[in-house]
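Structure at a glance
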Amino acid sequence: MEPVTTTALRRMKERAEKIAVLTCYDATTARLLSEAGVEILLVGDSLGMVKLGYPTTLPVTVEDILRHTQAVSRGNTRALVVADMPFLSFQLSVSEAMRNCGRMLKEGGAAAVKLEGGHGILETVEALVAAGIPVMGHLGMTPQSLHVFGGYKVQGRSSAAARRIVADAKALERAGAFSLVLECIPPQLAKQVTRELAIPTIGIGAGPFCDGQVLVVDDLLGLHTGVSPKFVKQYAHLAPQISQAVRAYVRDVKTSRFPTAAHSY
Ligand code: KIV
């Protein structure tokens, strides 16, 4: 199968073919997901919460994302790998953004980066695209702005807030973004943005009208036991299966049922 490119994604939107996106953080999972047909592997800064044990995404560093992007690129077979730029890795200056984002392509093997934000980052997006670094935008409930929003809350509910999201989406497209994540906004707003943009929109908690969908892979696989957000659909429940397997192993070790002659040289 052909490797997925930013232009291929645009053509998928034109053909009304939906785009499947998942987060991914390691080489083994990257191989499984890309071979299963996922078009974009997003090395999300959700890494901080789902893999590194932080309470928010804010502590995630450029080195964290770079190391996991390298692993995902090594396991990937055909998906487009997108590195999610961590908090304060692209806001300080255009040149700092260029250096940090450039590392994701040069050293990480990513084909693109994702930046949270709207009007405040347009100059940076333009400069990155002009330098050859494809940019995915991210609007709505952008987790790096958690403290500005006062919590993980649906965005764009008022007509003024909705207008700002539409204006930011159009501005990001004009600045050269190749696609746009819409997180936790009302479905009708996501529908409007999707209709008014030529670039594909990727929804999470934004209803069924986006050009594609993204989920955190650990949520889809049911790898944790806590409460999931409403927008999550679990396609497997691996946490209890893992517990059961490990309990069986512990029991076997303690009762000398493992290893046996069959496992010995
Ligand atoms: O970090 C992340 O996982 C994300 C997606 C959920 C969009 O930004």
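Let us now look at the nonpolar core. Ranked by internal contacts, the top residues of the largest apolar core, which has 52 residues, are Leu41, Met104, Val113, Leu115, Leu180, Leu182 and Val193. Broken down by element, this core gets its largest block of residues, six residues, from helix 8 (residues 159-175). Beyond its immediate chain neighbours, meaning those up to four positions away, Val113 contacts Val82, Ala83, Met85, Cys101, Met104, Leu105, Ile133, Pro134, Val135 and Met136. Membership of the second largest hydrophobic core comes to 16 residues, among which are Val82, Ala112, Ile202 and Ile204.

One can find Thr194 in helix 9 (residues 187-196). In this structure the side chain of Thr194 is engaged in a polar contact, spanning 2.7 Å, whose partner is the side chain of Thr201. Dropping the residues within four chain positions of it, Thr194 is found in contact with Lys13, Thr201, Phe209, Cys210 and Asp211.

For the bond from Phe258 to Pro259, the omega torsion is -5 degrees, close enough to zero to count as cis. Within the fold, Pro259 resides in the segment after helix 11 (238-254). Not every positive phi belongs to a glycine, and Ser256 is a case in point at roughly 60 degrees. Relative to the helices and strands, Ser256 is located in the segment after helix 11. In this structure Ser256 comes out as exposed when scored by relative accessible area, which is 61%.

One pass over the structure, following the stated rule, counts 10 salt bridges. The partner of Lys13 in a salt bridge is Asp211, and the shortest N-O contact between them spans 2.8 Å. One end of the pair, Lys13, is in helix 1 (residues 6-14); the other, Asp211, is in the loop between strand 7 (201-204) and strand 8 (212-215), and 198 residues separate them in sequence. Classification of Asp211 by relative accessible area gives buried; the value is 12%. Residue Arg103 is joined to Glu63 by a salt bridge in which the shortest nitrogen-to-oxygen separation is 2.7 Å.

The rules we used
Residues numbered from 1 in each chain as written. Predicted model: local features only at pLDDT ≥ 70, side-chain atom pairs only at ≥ 80, totals over all residues. Heavy atoms only, no water. Core = buried A, V, L, I, M, F, W, Y, C linked by side-chain atoms within 4.5 Å. Buried < 20%, exposed > 50% of the residue type's maximum accessible area, 1.4 Å probe, protein only. Helix = DSSP H or I, 4+ residues; strand = E, 2+ residues; numbered from the N terminus. Contact = heavy atoms within 4.5 Å. Polar contact = N/O pair within 3.5 Å; in protein donor to acceptor, adjacent residues only side chain to side chain. Salt bridge = Lys/Arg side-chain N within 4 Å of Asp/Glu carboxyl O.

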